[in-house]
Structures are given as structure tokens and as C-alpha cells.
Amino acid sequence: MLHTRKPRARYSRRAAAVVEMAVVTPLLLTMLFGIIEYGWVFTIKQSMTNAAREGCRLATLQGSTTNQVTDTVEAYLNSTGLQSTDYTVVIKRAETDDPIEQVTIRVPYKQISLLGGFFGKTDWTIGTTCTMRKEGAE
């Protein structure tokens, strides 16, 4: 006796695969977009750290001005696509009793988010600070 398959069984397996794919696809896409968003935010954070470091390094040089430091930070961050209206730069210059130069950069998350709040609140801020000692007398 020959055993033959019922055509109905093949269609029910296809339907199960479609249902499984419909359940799994949103989860996989959410994970994929989360990885992309995290990578983008990490890239911007790293660029901000490097810009603060370059600005602070310039600030420690003798005769540098606050405008020069701000221009250096802006030039560095403009290469990432951030405009000067997207972030704030705070520069604390060295004083005679405190020879510390400090550059702080802050950007609202909503200014750099690729997905516009898909993963939750966007009212937090990403920031970085670089501090260096100014050597020598003015």
C-alpha cells in the first residue's frame, strides 16, 4: 500500500510559517532599529567628546580666545551634521587661582535621534566635558 500525503498538510505548514514570521518580524525590526539608533548616538557622543577635547586643548594654549575655542568645537561638530543651534557649548576659562580649562558640550537627544522617539522619551540630554590644566603663566 502506498502512503500519499494529503495536500492540506502542506498548506497548514505554510500558514504556520506565515504566522510565525508575522510575530517575529516586528521584534527583529525593533532590535535592528535599536542597534542602528544606539550606534548613531554612540557616534555622535564620540564626536562630541573629541570636539570637547580639541576645544580644551586649544583653550590651554597661551593667547587663545573663547571665540577660537568655540569656532574649533563648531567646526568639529559641523562635520557630523550638527548645526550650532542643535547644541550648547560652555567654556570655563582658567583663572589665576584655578588654572583649569573646561569645555562642556550638550545636545538634546531629540536633535540627533534617527527614529524620533520610537524607543521612548526624547527629553534627555547627551553631554560631555573635557578638563585640562593650563600650564605656564599668562
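Heads up: the structure comes first, above all this text.
Residues numbered from 1 in each chain as written. Predicted model: local features only at pLDDT ≥ 70, side-chain atom pairs only at ≥ 80, totals over all residues. Heavy atoms only, no water.

Undergrad: Mind showing me how you'd approach the packing of aromatic side chains here?
TA: The description of an aromatic ring pair uses the distance of the two centres, along with the angle that the planes make with each other. Within the structure shown, the criterion is met by 2 aromatic pairs. Taking 6.3 Å as the distance between ring centres and 25 degrees as the angle between the ring planes, the aromatic pair formed by Y38 and F42 counts as stacked. With Y38 and F42 both in helix α1 (residues 7–59), this residue pair falls 4 residues apart, about one helical turn. Among the residues examined, Y38 registers a relative accessible area of 60% and is labelled exposed. Seen in terms of ring centroids, Y109 and W124 are 4.4 Å apart; in terms of plane orientation they differ by 15 degrees. Their pairing is stacked. Within this pair, whereas Y109 is found in helix α3 (residues 109–112), its partner W124 is found in the loop between α3 and β3 (125–133), the two being separated by 15 residues in sequence. (Phe/Tyr/Trp six-rings, centres within 6.5 Å; stacked < 30°, edge-to-face > 60°. Helix = DSSP H or I, 4+ residues; strand = E, 2+ residues; numbered from the N terminus. Buried < 20%, exposed > 50% of the residue type's maximum accessible area, 1.4 Å probe, protein only.)

Undergrad: Teacher, can you tell me more about the sheet that holds strand β2 (residues 100–108) here?
TA: Each strand in a sheet pairs with its neighbour through backbone hydrogen bonds, running either in the same direction (parallel) or in the opposite one (antiparallel). Taken together, the 3 strands give an open sheet; going across it, the order is β1-β2-β3, and neighbouring strands pair in antiparallel fashion. The sheet terminates laterally at β1 (88–92) and β3, the two strands that pair on one side only. For this sheet, the mean angle separating the axes of adjacent strands, direction not counted, is 10 degrees. Relative to β3, β2 runs antiparallel, the two being bridged by 9 bridges. Each residue of the ladder has a partner; that of V107, found in β3, is I126. (Pairing = 2+ DSSP bridges. Axes fitted to C-alpha atoms, helices over the stretch in contact; angles between N-to-C directions.)

Undergrad: Just to check I follow, could you spell out the environment of T66 for this structure?
TA: Inspection of the secondary structure puts T66 in helix α2 (residues 66–78). T66 gets classed as partly exposed once you look at its relative accessible area, which sits at 35%. Considering only alpha carbons, one finds T66 and K92, 26 residues apart in sequence, at a separation of 9.1 Å. Contacts of T66, omitting those with residues within four sequence positions, involve I91 and R93. (Contact = heavy atoms within 4.5 Å.)

Undergrad: Got a minute to help me understand the pattern of salt bridges in this structure?
TA: Opposite charge on two side chains allows them to pair when their charged atoms are near. Summed over all chains, the structure comprises 4 salt bridges. Residue R93 is joined to E101 by a salt bridge in which the shortest nitrogen-to-oxygen separation is 3.0 Å. Close ionic contact of E101 with K134 constitutes a salt bridge, the shortest N to O distance being 3.6 Å. Of this pair, E101 sits in strand β2 while K134 is found in the segment after β3, placing the two residues 33 residues apart along the sequence. Assessed through its relative accessible area of 1%, E101 is described here as buried. (Salt bridge = Lys/Arg side-chain N within 4 Å of Asp/Glu carboxyl O.)

Undergrad: Looking at this structure, how should I read the environment of F119?
TA: Within the secondary structure, F119 sits in the loop between α3 and β3. Judged by relative accessible area, which is 41%, F119 ranks as partly exposed. Between the C-alpha atoms of F119 and F33, which are 86 residues apart in sequence, the distance is 9.5 Å. Not counting residues within four places of it along the chain, the set of residues in contact with F119 comprises T30, F33, G34 and E37.

Undergrad: Teacher, can you tell me more about the state of the cysteines here?
TA: Covalent bonding between the sulfur atoms of two cysteines is what defines a disulfide. Scanning the entire structure with this criterion turns up 0 disulfides. The thiol of C56 is not disulfide-bonded; the next cysteine sulfur, from C130, is found 4.0 Å away. Overall, C56 belongs to the buried group, its relative accessible area being 0%. (Disulfide = S-S within 2.5 Å.)

Undergrad: Can you walk me through the nonpolar core in this structure?
TA: A general trend in soluble globular proteins is that nonpolar side chains are found buried together. Counting 21 residues, the largest nonpolar core has L77, V103, I105 and I112 as its most contacted members. Within the residue set of this core, elements represented by two or more residues are α1, α2, β2, α3 and β3. Sort the elements by how many residues they give to this core and α1 lands first, with 8 residues. The contacts of I112, once residues within four sequence positions are left out, are W40, V41, I44, L82, V107 and I126. (Core = buried A, V, L, I, M, F, W, Y, C linked by side-chain atoms within 4.5 Å.)

Taken by themselves, the reported measurements are silent on function.
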